[in-house]
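# Understanding the architecture of this molecule
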Amino acid sequence: MNSYTNNNVRVRFAPSPTGFLHLGGARTALFSWAFAKHNNGIFLLRIEDTDIKRSTKEAIKSIMDGMTWLGIISDEEIVYQTQRMERYRELLKKMLNEGNAYYCYSSAEEIDKMREEARKNETKPKYDGTWRPELNKIMPNIPKDRNPTIRFKNPSTGIVTWNDMVKGRISFKNEELDDLVIARSDGTPTYNFCVAIDDLDMGISHVLRGDDHVNNTPRQINILKSLNAKIPEYGHLPMILGTDGEKLSKRHGAMNIMEYKSKGYLPEAMVNYLARLGWSHNNDEIFNTRQLIDWFDIKHLSKSPSQWDPKKLDWINSYYIKHTDTHNLVNMVMPMITARNYEPNENDLGSIIDLFKERSTTLNQLAENAIIFYKETINIADDIKNKCTDDQTIQLIRKFISIANNVDWKIEEIDRVIKTIITENNITMKQIALPLRIYLTGEANTPSINKVLLLLGKEKVLSRLRKTLDNYKQL
Ligand code: GLU
């Protein structure tokens, strides 16, 4: 812990490992982390794995991998709720002893009946209080062979209120809150109870989470109050909407944060983009992690939902690719190419990347472009196959081959060959550059043709041109 650490600010990210780390979760983690770091505080990770049936090891791994990829690291040991059962039991006992919780022997059928009644009367379903102890109340006889649940004795009057860091003041009437079951009949503690106890024990000062938790907050506040605990500040983040304004889902593209890694997005770009989903600093669109931390003022969190915009993510990613040192890009792209059984030389790959980094949106695109230089044979896309097959073009390519065959493969010489073809045949640059691009790379758009020629090397240039001419003969 360094001397600047502000132990008063302790923020946690508390995912339930029932699925991979999705975009919304990653954004909550990022905001919690940026808020903690902005305040020189502590960021913590808590795995809420009490739902044994739905929690998986794979999901835990996906959460860890996603956070590591984004650089969001817990400052202290990771807390797993399943390892805290002893502590939950201890506090359940304390709450029972202090009269803040009670055993409830109502059967599942009885509870269902209460729900049914409420539905008929169009009122909010509510526990009828049969087992709620009150002063001078005569309690029913305890049924035999029935394991009780434990309910929290919620205050029956007054209001719970908090000043939400994002949404402003939010209040709930206690009478609407019901006596929450905090331990099931098998003794296992329930969600809202565990969260409150963990936040207390971990000394959490600020909670940032999705606004689907707004209804849980008054319950957690009441539990904490009954334990005389300090109540954290809460901030509820509006959701992320898809491009069509609907709740973000699989149909809007990849949801698993790690899919963006495998699609060739850079973690810095992802962090930058996620940060802009519901937070802003003036009109800044591009900022690094240091700036995000310095600027992360909670006041600038948006009160309204944000919209997922894959085009903007692409734009940000291409910006980062353009501004990443070529040497680093080589390190990232090299394994992608060797995985495809090519063996590039580092220097050559660096030159190729230099040529393409201005025009690639993802690392995968960069790798695809580089691979064109290593392939034995190239495929010419169907829509351009029939371009440049006229007699004049074929003659030009033949001339190019015969002149190029005799030159020393240097950029000035290559330029001279192209110039000779242009002047001798009275054609434009495009008339020779386009067929060369197509014949050599299968693409109509490439960076400067002289550089492409140079990097391909004389041998490959001539053999590809000859091969393509042969293929065209058969068209
Ligand atoms: N485990 C909850 C979830 O994944 C979050 C709980 C919280 O942040 O308080 O939605």
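Residues numbered from 1 in each chain as written. Predicted model: local features only at pLDDT ≥ 70, side-chain atom pairs only at ≥ 80, totals over all residues. Heavy atoms only, no water.

### Structural notes on the UniProt feature "domain: Glutamyl/glutaminyl-tRNA synthetase class Ib catalytic" (unreviewed entry) in the protein
Which entries qualify depends on this criterion: UniProt positions are given in the numbering used here, feature names are shortened, and annotations may be inferred rather than shown by experiment. Secondary structure elements are taken from DSSP: a helix is a run of H or I of four residues or more, a strand is a run of E of two residues or more, and numbering for both begins at the N terminus.
Taking the numbering used here, the UniProt-annotated feature "domain: Glutamyl/glutaminyl-tRNA synthetase class Ib catalytic" (unreviewed entry) corresponds to residues 8-315. The straight-line gap between the two end C-alpha atoms of residues 8-315 is 38 Å; of that span, 34% is helix and 16% is strand.

### Here's the deal with helix 13 (residues 363-374)
Short version of the rule: Expected span of a helix, by definition, is 1.5 Å for each gap between consecutive residues, and there is one gap fewer than residues. Each residue's exposure class comes from its accessible area (1.4 Å probe, protein chains only) as a fraction of the maximum for that residue type: buried when under 20%, exposed when over 50%, partly exposed otherwise. Residues are treated as being in contact if the distance between any of their heavy atoms lies within 4.5 Å.
Taking 1.5 Å per residue, 12 residues should reach 16 Å; helix 13 reaches 17 Å between its end C-alpha atoms and fits that length. Counted residue by residue, helix 13 has nine buried out of 12 residues, so it is predominantly covered. Turning to helix 13, its buried residues are Leu363, Leu366, Ala367, Asn369, Ala370, Ile371, Ile372, Phe373 and Tyr374. For helix 13, the secondary structure elements touched by its buried residues are helix 10 (310-322), helix 11 (326-338), helix 12 (346-356), helix 17 (429-441), helix 18 (449-456) and helix 19 (458-473).

### Examining the sheet that holds strand 8 (residues 181-183)
Let me state the cut-off plainly: Two strands qualify as a pair provided DSSP detects at least 2 bridges between them. For every element, the axis is a line fit to its C-alpha atoms; helices are fit only across the contacting stretch, and the angle between N-to-C directions ranges from 0 to 180 degrees.
Pairing within the open sheet is antiparallel, and its three strands lie in the order 4-5-8. Across the chains shown, the open sheet's two edge strands, defined by having one partner strand only, are strand 4 (101-104) and strand 8. On average, each strand axis in the sheet is tilted by 45° relative to the strand beside it, whichever way the strands run. In the sheet, strand 5 (residues 149-152) pairs with strand 8 via two bridges, with the strands oriented antiparallel. Paired with Arg151 across the bridge in strand 8 is Val181. Seen against the sheet, helix 3 (residues 85-97) touches strand 4, strand 5 and strand 8 and runs at an angle of roughly 95° to strand 4.

### What about the packing of helix 17 against helix 19?
We apply this condition: Between 65 and 115 degrees an angle is taken as roughly perpendicular, under 35 as roughly parallel, over 145 as roughly antiparallel, and anywhere else as oblique. Residues are grouped as follows: nonpolar covers Ala, Val, Leu, Ile, Met, Phe, Trp, Tyr, Cys and Pro; charged covers Asp, Glu, Lys and Arg; every other residue, Gly included, is treated as polar.
It is at 8 Å that the axes of helix 17 and helix 19 come closest, and there the two elements cross at 90°. As far as their axial angle goes, helix 19 and helix 17 are roughly perpendicular. Together, Leu436, Ile438, Tyr439 and Leu440 of helix 17 and Val461, Arg464, Leu465, Thr468, Leu469 and Tyr472 of helix 19 make up the contact between the two elements. Residues that form the contact of helix 17 with helix 19 fall into these classes: eight nonpolar, one polar and one charged.

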